[in-house]
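Observations on the three-dimensional arrangement
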Amino acid sequence: MIPSYLVDFDLSSLPVVETDVLVIGSGIAGLFTAIKAGEERRVLMITKKSLLESNTRYAQGGIAAVIAEDDSPAYHLQDTLIAGAGLCRSAAVEALVNEGPDGVKELIRLGTAFDEENGVLALTQEGAHSHRRILHANGDATGYEIVRALAVEANEHPGIEVWDEHFVIDLITDHGECIGALVQKADGSQVFVKAQATVLCSGGAGQLYRYTTNPEVATADGVAMAYRAGAVIRDMEFIQFHPTSLCYPGAPRFLISEAVRGEGAVLRNVKGERFMERYHEQLELAPRDIVARAIVSEMEATNSTFVYLDITHESTELIKHRFPTIHETCMRYGLDMTTDWIPVAPAAHYMMGGVKTDLSGESSIGRLFACGEVSSTGVHGANRLASNSLSEAIVFGRRIVERVLTLPPLAPIRYEHFAGGIGRKVVAEQRPVSERRLRLQKMMVRYVGLRRNGVNLQGAMEQLQHELHYFDQMLTQREEMEYANLLTCAWLVTTGALHRQESRGAHYREDFPQRDDVVWQKHSLQQREQAIVEELMS
Ligand code: SIN
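In this text, all values refer to a predicted model and were calculated from it rather than measured experimentally. (Residues numbered from 1 in each chain as written. Predicted model: local features only at pLDDT ≥ 70, side-chain atom pairs only at ≥ 80, totals over all residues. Heavy atoms only, no water.)

1. As for the packing of aromatic side chains
What counts is decided by this rule: Centre distance within 6.5 Å is the pairing criterion for rings of Phe, Tyr and Trp, where only the six-membered ring of Trp is used; planes under 30 degrees apart are then read as stacked, over 60 as edge-to-face, and the remainder as tilted. The rule is simple: take the accessible area with a 1.4 Å probe, protein chains only, and divide by the maximum for that residue type; under 20% is buried, over 50% is exposed, in between is partly exposed. Should the NZ of a Lys or the CZ of an Arg lie within 6 Å of a ring centre and within 35 degrees of the ring normal, that charge is described as sitting over the ring.
Counted under the stated rule, the structure contains seven aromatic pairs. Between F275 and Y279, the ring centres sit 6.1 Å apart and the planes meet at 90°, which makes this aromatic pair edge-to-face. In this structure F275 comes out as buried when scored by relative accessible area, which is 0%. A relative accessible area of 31% means that Y279 is categorised as partly exposed. One aromatic cluster is present, formed by F306, Y308 and W341 through successive ring pairs. The lysine or arginine in question, K185, covers the ring of W163, its NZ or CZ lying 5.7 Å from the ring centre. Between the NZ or CZ atom of R384 and the centre of the ring of Y350, over which it lies, the distance is 4.1 Å.

Here you go:
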């Protein structure tokens, strides 16, 4: 069984650091929430690497918001609901589409320089959006520009203290509320951070899979620690695979933005045939899950490990101006996208499920909030619409802070509840953790990837069950704890995928290929020590 804490500890003997708001993670959700909370409260922001390393940093396409005259929140709402395949929470989507534009203004006020054309914000289009509503920065370096601007603000903010290279091991709960977290410093020593409110902004779980567009830090830490703490976790079976990551010998699975297709790039199989007309009327701009599965079908039909993305019909000038980062990265591997077709294949990209929250971003545990990819606000449903994630982070970050400001003081902590643990032993490690991680990643691609079936999912469950003894040993290194978090998340994703006997959005079951709204238009909820349950749509 997955334990409630990863390590044994005695809270009363640990140094205590007190803060009003503890923010865990430093992508757009963490930075924005910290800055807003810092206007009124003392904030401690903890990041396991640095302010400049997060999933946000690598976001290319941009941030979706209704800006254009011919666009409206109603269109954005409709596009999001269609992509979400019947599982979005409409009140959450309404918040996103109505409050997103103000959030964008706030980002601009905080120093983000979005690209402009003729003196107005430049907007592009991405898959399944009916209008041009994607803002971008420096062409295809939107995430980096946002993180840069917000990191400057956070570093200069007198109300915000930043601890980088610190690892949050576990959340601490008492009286059914989150009272802070157990944190490991770079030198291995531990400290209890006591907080009036704790906000998980720790991102997603791309590292569950061998092929991912996510950086090394995306190891599902937040969702795993919230699960251990007893929070309700929702819809974990829905993992989005981005259709186009670079697939070239020696190159990383670098993201080739959907905006490239938004600017007219087409997909071709290795025989050079354009194929999307056989799969969807929106062609290359169909929802991501459809494009990703179409690519895999073409790869199989042609016995190839990739397909091509072709934007060679566009001018060299436009390509270099709109996609400088992608162009430069491809050039490093000898691929010139102005003249060459780019070999691409799908890769794990985004976790739609996560820690279930209400419309104020609060989880099922009092004083514990979740924002950004780690959360399940209900915005994304079964399949996230491109570029909605950055908007979600700023809309719900602001809502979280509003709620945090209303919290009464914490009750006195019962330190005696936290002495001891389950008596873990140092176990002579049979296999290095890096090897275990790779094995897990390969298994997830094979059995719990883009296309799933009951037999493979059952096989995955058995392998995971066997690996659960990993939690019995004393973990001391960050890599070991990250692996334990990945294992926890793999368990949640696989359990959800086995449970849902239909295909919907990003979850595709070969043995149940149809969407079944009569039986399955429901969320799946998982909580430690309880069987998976279904939640009716609200
Ligand atoms: C992309 O640029 O294609 C990624 C944008 C997103 O995932 O929202």
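After that view, the rundown keeps rolling.
2. Quick notes on the site of the ligand
Keep this limit in mind: If a single non-hydrogen atom of a residue is within 4 Å of a molecule or strand, that residue counts as near it. We call two N or O atoms a polar contact when they sit within 3.5 Å, provided that within protein one can donate a hydrogen and the other can accept it, with sequence-adjacent residues counted only if both atoms are side-chain atoms. Under the convention used here, a 1.4 Å probe and the Shrake-Rupley method define accessible areas, while residue burial counts only the protein chains that appear. When residues are grouped by polarity, Ala, Val, Leu, Ile, Met, Phe, Trp, Tyr, Cys and Pro land in nonpolar, Asp, Glu, Lys and Arg in charged, and all others, Gly among them, in polar.
All residues adjacent to the ligand are Q60, G61, E126, H242, L255, S257, E258, R288, H349, R384, A386 and S387. In this structure, E258 approaches the ligand through a main-chain N or O atom, which is 2.6 Å from an oxygen atom. S387 is positioned such that a nitrogen or oxygen atom in its backbone is 2.6 Å from an oxygen atom of the ligand. Look at the ligand: alone it shows 260 Å² of surface, and the protein chains cover 95% of it. Within the shell around the ligand, the residues separate by chemical class into two nonpolar, six polar and four charged.

3. Examining the pattern of salt bridges
What counts here: For this document, the term salt bridge refers to a Lys or Arg side-chain nitrogen within 4 Å of an Asp or Glu carboxyl oxygen. Elements are defined by DSSP. Helices are runs of H or I of four residues or more, strands are runs of E of two residues or more, and each kind is numbered from the N terminus.
Under the defined criterion, the tally for this structure stands at 42 salt bridges. Between E106 and K36 there is a salt bridge, and its shortest N-O distance comes to 2.8 Å. Taken together, the residues span a long stretch of sequence, with E106 in helix α3 (residues 90-109) and K36 in helix α1 (residues 28-38) at a distance of 70 residues. Note on accessibility: E106 and K36 belong to one class, buried. Among the salt bridges present, the one from R148 reaches E145, with a minimum N-O distance of 2.9 Å. Here R148 and its partner E145 are both found in helix α4 (residues 142-156), three residues apart, which amounts to about one turn of the helix. Judged by relative accessible area, which is 5%, E145 ranks as buried. Through salt bridges with shared partners, one network takes in K48, E216, D221, R437, R478 and E482.

4. Looking at helix α12 (residues 454-467)
Formally: For a helix, the expected span equals 1.5 Å multiplied by the residue count minus one. Arc, as used here, means the arc of the directions from the helix axis to the C-beta atoms. Two residues qualify as a contact provided that any one of their heavy atoms is within 4.5 Å of a heavy atom in the partner residue.
With 14 residues, α12 should cover 20 Å at 1.5 Å per step; its first-to-last C-alpha distance of 20 Å lies within 8% of that length. Within α12, the full set of buried residues consists of G454, L457, A460, M461, L464 and E467. One side of α12 carries all its buried residues, which in axial view fall inside an arc of 140°. Facing away from the buried surface of α12 by more than 90 degrees, the exposed residues are V455, E462 and H466. Buried residues in α12 make contact with α11 (433-447) and α13 (478-499). The opening residue of α12 is N453, an N-cap whose side-chain oxygen sits 3.1 Å from the backbone nitrogen of V455.

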